[in-house]
Amino acid sequence: MKKTILILLCTWFAIWTAGAQCAAKNEAIQAGEQLMYDLKFNWKFIWVDAGQAKMDMQAITYNGKPCFRSSLVSVSNKKVDFFFKMRDTLTCITSSRLEPVYFRKGAEEGDRYTVDEVWFSYKDGKCIADQRRMRRDRDTVRSKDVSDVCIFDMLSILMQARSFDPSQYAVGEKILFSMATGTKVEEQTLIYRGRKNFKAENGIKYRCLVFSLVEYKKGKEKEVITFYVTDDKNHLPVRLDLYLNFGSAKAFLKEIKGNRHPLTSIIEK
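Below is a short write-up of the structure. Keep in mind the model is a prediction, meaning the values are calculated, not measured. (Residues numbered from 1 in each chain as written. Predicted model: local features only at pLDDT ≥ 70, side-chain atom pairs only at ≥ 80, totals over all residues. Heavy atoms only, no water.)

**Here's the deal with the packing of aromatic side chains**
Two aromatic rings, taken as a pair, are described by how far apart their centres are and by the angle between their planes. For clarity, the cut-off: In this analysis, rings of Phe, Tyr and Trp, with Trp reduced to its six-membered ring, are considered paired at centre separations within 6.5 Å, and the interplanar angle assigns stacked below 30 degrees, edge-to-face beyond 60, and tilted for intermediate values. Strands here mean DSSP runs of E at least two residues long; helices mean DSSP runs of H or I at least four residues long; both are numbered from the N terminus. Buried residues are those whose accessible area, probed at 1.4 Å on protein chains only, stays under 20% of the maximum for their type, while exposed residues exceed 50% and partly exposed ones sit between those limits.
Applying the stated criterion across every chain yields a total of 6 aromatic pairs. With centroids separated by 6.2 Å and ring planes inclined at 15°, the aromatic side chains of Phe 198 and Phe 252 adopt a geometry described as stacked. You can see Phe 198 sitting in strand E10 (residues 185–199) and its partner Phe 252 sitting in strand E14 (residues 247–257), a full 54 residues away along the chain. Phe 252 matches Phe 198 in its accessibility class, with the two residues each being buried. Three or more aromatic residues joined by ring pairs form one cluster here, namely Tyr 169, Tyr 192, Phe 211 and Phe 227.

**A few points about the state of the cysteines**
Applicable threshold: The definition used for a disulfide is geometric: two cysteine sulfur atoms within 2.5 Å.
Here the structure, examined in full by the defined rule, presents 1 disulfide. With its sulfur 2.1 Å from that of its partner, Cys 22 forms a disulfide with Cys 150. Taking the torsion about the sulfur-sulfur bond, which here is approximately -120°, the covalent link between Cys 22 and Cys 150 counts as left-handed. Pair noted here: Cys 22 is in the loop between helix H1 (2–8) and strand E1 (34–43) and Cys 150 is in the loop between strand E8 (141–147) and helix H3 (156–161), with a separation of 128 residues, a long-range link. The class for Cys 150 is buried, based on a relative accessible area of 2%.

**Things to note about the pattern of salt bridges**
Note that side chains of opposite charge can pair when their charged atoms are close. Our working rule: Note on definitions: salt bridges are taken to be side-chain nitrogens of Lys or Arg within 4 Å of carboxyl oxygens of Asp or Glu.
Counted according to the given criterion, the structure contains 19 salt bridges. The salt bridge involving Glu 186 is made with Lys 184; its shortest N-O contact spans 3.7 Å.

**Some remarks on unusual backbone geometry**
Its identity as a non-glycine residue notwithstanding, Asp 124 has a phi of 55°, on the positive side. Relative to the helices and strands, Asp 124 resides in the loop between strand E6 (112–123) and strand E7 (126–135). For Asp 137, which is not glycine, the phi dihedral falls at a positive 65°. Secondary-structure assignment places Asp 137 in the loop between E7 and E8.

**Observations regarding the side chain of Ser 212**
Where we set the bar: In protein, a polar contact requires one atom able to donate a hydrogen and another able to accept it; more generally it is a pair of N or O atoms within 3.5 Å, and residues adjacent in sequence count only if both atoms are side-chain atoms. By definition, residues are in contact when any of their heavy atoms lie within 4.5 Å.
As for its position among the elements, Ser 212 is in strand E11 (residues 205–217). Among the residues examined, Ser 212 registers a relative accessible area of 1% and is labelled buried. Reaching out from Ser 212, the side chain makes a polar contact with the side chain of Arg 193 at a distance of 2.9 Å. When near neighbours in sequence (up to four residues on either side) are disregarded, Ser 212 contacts Thr 189, Leu 190, Ile 191, Arg 193, Glu 223, Ile 225, Thr 226 and Phe 227.

**With respect to the nonpolar core**
Our working definition: As used in this record, nonpolar core signifies buried Ala, Val, Leu, Ile, Met, Phe, Trp, Tyr and Cys residues forming a set joined through side-chain atoms within 4.5 Å.
Formed by 60 residues in total, the largest nonpolar core has its most connected members in Phe 103, Phe 198 and Phe 227. The element best represented in this core is E11, accounting for 6 residues.

**Considerations on the environment of Phe 82**
One can find Phe 82 in the loop between helix H2 (78–81) and strand E4 (86–95). In the structure, Phe 82 is positioned 28 residues away from Gly 110 in sequence and 9.5 Å away in space, judged by C-alpha atoms.

**Thoughts on the pairing of E4**
Side chains on a regular strand alternate between the two faces of the sheet. Put simply, the rule reads: DSSP bridges decide pairing: two strands pair if at least two such bridges lie between them.
The element E4 is extensively covered by neighbouring structure, given that 8 of its 10 residues are classed as buried. Note: strand E3 (residues 65–76) against E4, 9 bridges, orientation antiparallel. Its bridge partner lying in E4, Ser 74 is registered against Asp 88. Here E4 pairs with strand E5 (residues 100–109) via 9 bridges, running antiparallel. From the neighbouring strand, Asp 88 faces E5, where its bridge partner is Ala 107. Hairpin connection from E4 to E5: 4 residues lie between these consecutive antiparallel strands, with Leu 98 at a positive phi of about 70°.

**Comments concerning the pairing of E5**
Counting buried positions along E5 gives 7 out of 10 residues, so the element sits mostly inside the fold. When E5 meets E6, the two strands line up antiparallel, connected through 8 bridges. Residue Phe 103 lies in a different strand from E6, and its bridge partner there is Val 118. Hairpin remark: E5 followed by E6, antiparallel, with 2 residues in the connecting loop; positive phi at Gly 110, about 65°.

See the structure below:
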């Protein structure tokens, strides 16, 4: 579950960075935006309702500066709690130019509870990520990474990526970026799959851009997530297909509030 809702909404798009110049122009998001998702799991060939996730965006003042705060909360329902309980809360703070400043993930998954935190700073053209992981009944793990390129967390990468223009990508193109996980920085790989229409359960059909998050083990490529994002200026994730060690799962966008741009990707209601 950790690599489902935690990664699914934050690695769907491209980030091109050069020399830790991590600021970007915000073209897609605004304070007050809210997204609601239904989660479904495949259990022995049967799809069951698994829970809900909510993401929202707020304008705040942090360390005396105007910032954005993004929160993602995912909760499994009682039916799924019997097999695997999940209560995850992610919070990230970015500058008004969408530079990562702070990230926190509190994750209760099964009988485990973990808190990851990352503090970002910038000096001499480098990005610095101070990380800490606290686990119930275990020692705290700390790390510090210094990079010539930008380092992102699971939510700040989504915020920046939504403002980028994918029109120049070729089908099959691979996109690399760095992400802090709480204990280390990992290189992630996305593959652009092209455009496809998707009809949601409420009957709305969207024109979407399709991406895959993949990982490599012993030289073999394994698909982790396939996600569909609206082919408009909002770039909202509307569907996510998750390939897990114990099965598969899907997330469907069911409600949108406070979107900055018209949803011109809708082709049928």
